[in-house]
Amino acid sequence: MDATTSGTPTILYHNIPDQSGTAIAAASVPTFPRQVRHCFGDSSPGEFPLAANPSIVLHATCSFFRRPANFTPDYELSISELAALDICQKRAIFKPMTDEECQNLKRKCGGSWKLALRFLLAGEACCRREKSQAIAGPAHSIAVTSTGVVYSFGSNTSGQLGHGTMEEEWRPQQIRSLQGIRIIQAAAGAGRTMLVSDAGRVYAFGKDSFGEAEFGVQGTKLVATPQLIESLKDIFVVQTAIGNFFTAVLSREGRVYTFSWGKDRKLGHQTEPNDVEPQPLLGALEDVPIVQIAAGYCYLLCLACQPSGMSVYSVGCGLGGKLGHGSRMDEKHPRLIEQFRLLNLQPMVVATGAWHAAVVARDGRVCTWGWGRYGCLGHGNEECESVPKVVEALSKVKAVHVATGDYTTFVLSEDGDVYSFGCGESASLGHNTAAEGQGNRHANVLSPELVKSLKQVKEKVVQISLTNSIHWNAHTFALTESGKLYAFGAGDKGQLGVELMNNQTERVNPERVDIDLE
């Protein structure tokens, strides 16, 4: 409630100096007429108008208790708005913003600091910003510690490990050239790696083309050490995603930019495949703040944070129904997936596999859609679903995260349990059924099954990452709350970070990687 709605005059305090409690108490304060407020029944409140301006009262209170207020009195903000602003100012990506940039972010989020805070927190949760993370790429892997140090291992045919060589590594090796730079997010593609620093800069190494396909010939050179992407120097980036034929980045303000694959306006712009200039994703997303992006095989999903709630937009190739609009048509401009509204579901995390996608809702439900080959949708069959469908087999599980790969899906529950389903090739689902005498350990799984091998770790799992590629044997990482990293699946290129003996090509059970991410 403010002064206007309370019916009391507005007190104008300007530049309140630091002063003792006695001085404040002795200050001349006009007498305000008593009035009955329904929230107090028939009682009358005191004469000091707390609702006249909450931030001024709070500022005076801070002075009274001889603690710094850390802000200038604001004549517009309510206490809840002031509290939200205070929390925003503590977020890592908010701190370096200018006053003008802060106000622009607030305006884009709906004109409220509470909405801006929701936007910032949602982005941090989706991408594990400022936290440790592991990325299972196509035949190589990236691990980022909680302090922003980066390790890489696996295939290195294009210099994608960033060590200045083309030599394969099965042991995790720190990327020494990044010393002094804190990395907050990583993405791994076929022969390519991209890293985002806490200063919003993007570094890339491996194949030099943003539109590199799995077995394409684009790109004129290989880069074996991290190089700053100059075309992004004026954009503060918080996330990057590598899809087939294109790359996407997300700015601090929630705007999406894409590189390459613009021919015939496949992503809403007309550019050549080797274009190195970022193109803003316009259309429906021009003024919509995005908190997370996920890139699959020729398509992109964007998780939006709007005053009305969370929503998902998709753009690109629609084969298999993976865009979620009830058809298999391509979309050249971002289009809202309407099905979530019909399901009364608030998306909180999005994930893209090669040909299928998944979402975790605020209430813990999981939705999947797209090509259901090998059972990767978890609906008990291999049928395609062209709109998001709730995975009924997980109805008693409150999910908090989902990860998708090459026809595989993993779901992480609130208590740290992990469920997986889909293609069992390379033993990347973690179900060692052969050891239990139950059959083929590479069998496909059509409905979610608890990954019992991860229960033996006896630690809460906080992140799952798996290979999102249709041409490479897949591997999977499980990161625990204490920063321990476990790997299983294909390891023929050293991508597991553990040594394989006696001509082994994979690990069936989770193996501890010799690296501490905390």
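Residues numbered from 1 in each chain as written. Predicted model: local features only at pLDDT ≥ 70, side-chain atom pairs only at ≥ 80, totals over all residues. Heavy atoms only, no water.

The protein chain appears in an unreviewed UniProt entry as RCC1-like domain-containing protein from Gossypium gossypioides.

Chemist: How would you summarise the overall build of the protein chain if you had to cite specific residues and measurements?
Modeler: Helix and strand content of the protein chain: 8 helices and 28 strands. Per-residue burial over the protein chain gives 56% buried out of 518 residues. Looking at the protein chain alone, contacts between residues at least 24 apart form 51% of all its contacts between residues at least 6 apart. On the protein chain, roughly 22,900 Å² of surface is accessible, and the fraction owed to carbon and sulfur atoms is 49%. (Helix = DSSP H or I, 4+ residues; strand = E, 2+ residues; numbered from the N terminus. Buried < 20%, exposed > 50% of the residue type's maximum accessible area, 1.4 Å probe, protein only. Contact = heavy atoms within 4.5 Å. Areas by Shrake-Rupley, 256 points an atom, 1.4 Å probe, with all protein chains shown as cover.)

Chemist: Report on the sheet that holds strand S11 (residues 256–259), specifying residues and quantitative values.
Modeler: Strand order in the open sheet formed by 4 strands is S9-S10-S11-S12, with antiparallel pairing between adjacent strands. Taken across any chain shown, the strands that pair with only one partner, and hence form the sheet edges, are strand S9 (237–243) and strand S12 (279–280). Bridging between strand S10 (residues 246–251) and S11 involves 4 bridges; their strand directions are antiparallel. Bridge pairing in S11 places Ala 248 opposite Thr 258. (Pairing = 2+ DSSP bridges.)

Chemist: Account for the pairing of strand S23 (residues 418–422), naming residues and giving values.
Modeler: The two faces of a sheet get side chains in turn, since along a regular strand they alternate between them. Taken across its 5 residues, S23 has 5 buried, putting it largely inside the fold. The side-chain alternation of S23 yields two buried faces, one formed by Val 418, Ser 420 and Gly 422 and the other by Tyr 419 and Phe 421. Where strand S22 (residues 408–413) meets S23, 5 bridges bridge the pair, whose relative direction is antiparallel. Note on S23: the bridge partner recorded for Thr 408 is Gly 422. Counted along the chain from S22 to the antiparallel partner S23, the turn is 4 residues long, and its residue Gly 416 has a positive phi close to 95 degrees. For S23 and strand S24 (residues 445–450), the ladder comprises 3 bridges, and the chain directions are antiparallel. Bridging across to S24, Gly 422 finds its partner in Val 445.

Chemist: Tell me about the nonpolar core, residues and numbers included.
Modeler: Taken as a class, soluble globular proteins show a tendency for nonpolar side chains to be buried jointly. Counting residues in hydrophobic clusters, the biggest one holds 85 residues, and the most contacted among them are Phe 94, Trp 113, Ile 290, Ile 293, Leu 300, Cys 302 and Ile 464. When residues in this core are grouped by element, the largest group, 9 residues, is from helix H6 (residues 113–127). Taken domain by domain, this core gets at least three of its residues from each of domain 1 (78–126) and domain 2 (129–512). Non-local contacts of Phe 94, meaning those with residues more than four positions away in its chain, are made with Leu 85, Cys 88, Gln 89, Cys 102, Leu 105, Trp 113 and Leu 120. Counting 15 residues, the second largest nonpolar core, distinct from the first, contains Val 196, Phe 210, Ile 229 and Val 249. (Core = buried A, V, L, I, M, F, W, Y, C linked by side-chain atoms within 4.5 Å. Domains from an automatic or database assignment.)

Chemist: Can you break down the UniProt feature "repeat: RCC" (unreviewed entry) in the protein chain residue by residue, with the values?
Modeler: The feature "repeat: RCC" (unreviewed entry), as given by UniProt, occupies residues 148–199, 200–253, 254–306, 310–363, 364–415, 416–482 and 483–518 in the numbering adopted here. In this annotation, residues 483–518 is assigned 0% helix and 50% strand; the end-to-end C-alpha distance for the span is 5 Å. (UniProt positions renumbered as here; feature names shortened; annotations may be inferred.)

Chemist: Which residues make up the pattern of salt bridges, and what values do they have?
Modeler: Under the counting rule described, the total for this entry stands at 12 salt bridges. As a salt-bridge pair, Arg 91 and Glu 124 come within 2.7 Å of each other at their nearest N and O atoms. Separated by 33 residues along the polypeptide, Arg 91 in the loop between helix H4 (79–88) and helix H5 (99–108) and Glu 124 in helix H6 bring together distant segments of the chain. Note on Arg 91: relative accessible area 22%, which makes it partly exposed. (Salt bridge = Lys/Arg side-chain N within 4 Å of Asp/Glu carboxyl O.)

Chemist: Break down the sheet that holds strand S6 (residues 192–197) for me, citing the residues and quoting the values.
Modeler: Note: strands within a sheet are paired through backbone hydrogen bonds, in either parallel or antiparallel orientation. Taken in spatial order, the 4 strands make up an open sheet running S5-S6-S7-S8, and their pairing is antiparallel. Each edge of the sheet is formed by a strand with only one pairing partner; in this case those strands are strand S5 (183–189) and strand S8 (222–228). Mean inter-strand twist for the sheet, computed between neighbouring axes without regard to direction, equals 10 degrees. With 4 bridges joining them, strand S7 (residues 202–207) and S8 adopt antiparallel strand pairing. Following the sheet pairing, Lys 207 is matched in S8 by Leu 222. (Axes fitted to C-alpha atoms, helices over the stretch in contact; angles between N-to-C directions.)

Chemist: Before we move on, could you go through the packing of H4 against H6 and cite the residues and values that matter?
Modeler: For the pair H4 and H6, interaxial distance at closest approach is 8 Å and the crossing angle is 35 degrees. Note that H4 runs across H6; the crossing there is left-handed. Residue-level inspection shows Ser 80, Glu 81, Ala 84, Leu 85, Ile 87 and Cys 88 of H4 in contact with H6, the latter providing Trp 113, Lys 114, Ala 116, Leu 117 and Leu 120. Counted by class, the contact of H4 with H6 contains 8 nonpolar, 1 polar and 2 charged residues. (Left-handed = near helix turned anticlockwise from the far one by under 90°. Nonpolar A, V, L, I, M, F, W, Y, C, P; charged D, E, K, R; others polar.)

Chemist: Can you explain the packing of H5 against H6? Please cite residues and give values.
Modeler: Look at H5 against H6: their axes get within 8 Å of each other, and the N-to-C directions meet at 90 degrees. Comparing their axes, H6 and H5 come out roughly perpendicular. Packed against H5, whose contacting residues are Cys 102, Gln 103, Leu 105 and Lys 106, the element H6 presents Trp 113, Phe 119 and Leu 120 at the interface. Of the residues in the contact of H5 with H6, the class split is 5 nonpolar, 1 polar and 1 charged. (Parallel < 35°, antiparallel > 145°, perpendicular 65-115°, else oblique.)

Chemist: Give me the lowdown on H4, citing residues and values where you can.
Modeler: Those residues of H4 that fall on the buried side of the exposure criterion are Glu 81, Leu 82, Ala 84, Leu 85 and Cys 88. All buried residues of H4 project into a common sector of 160 degrees when viewed along the axis, lining one side. (Arc of directions from axis to C-beta.)

Chemist: Give me the lowdown on the confidence of the model for the protein chain, citing residues and values where you can.
Modeler: Per-residue pLDDT for the protein chain has a mean of 83; in total, 78% of the residues score no lower than 70. Every residue in residues 1–52 scores below 50 in pLDDT, and together they form 50 contacts with partners more than four places removed in sequence or on other chains. (pLDDT = per-residue confidence, 0-100.)

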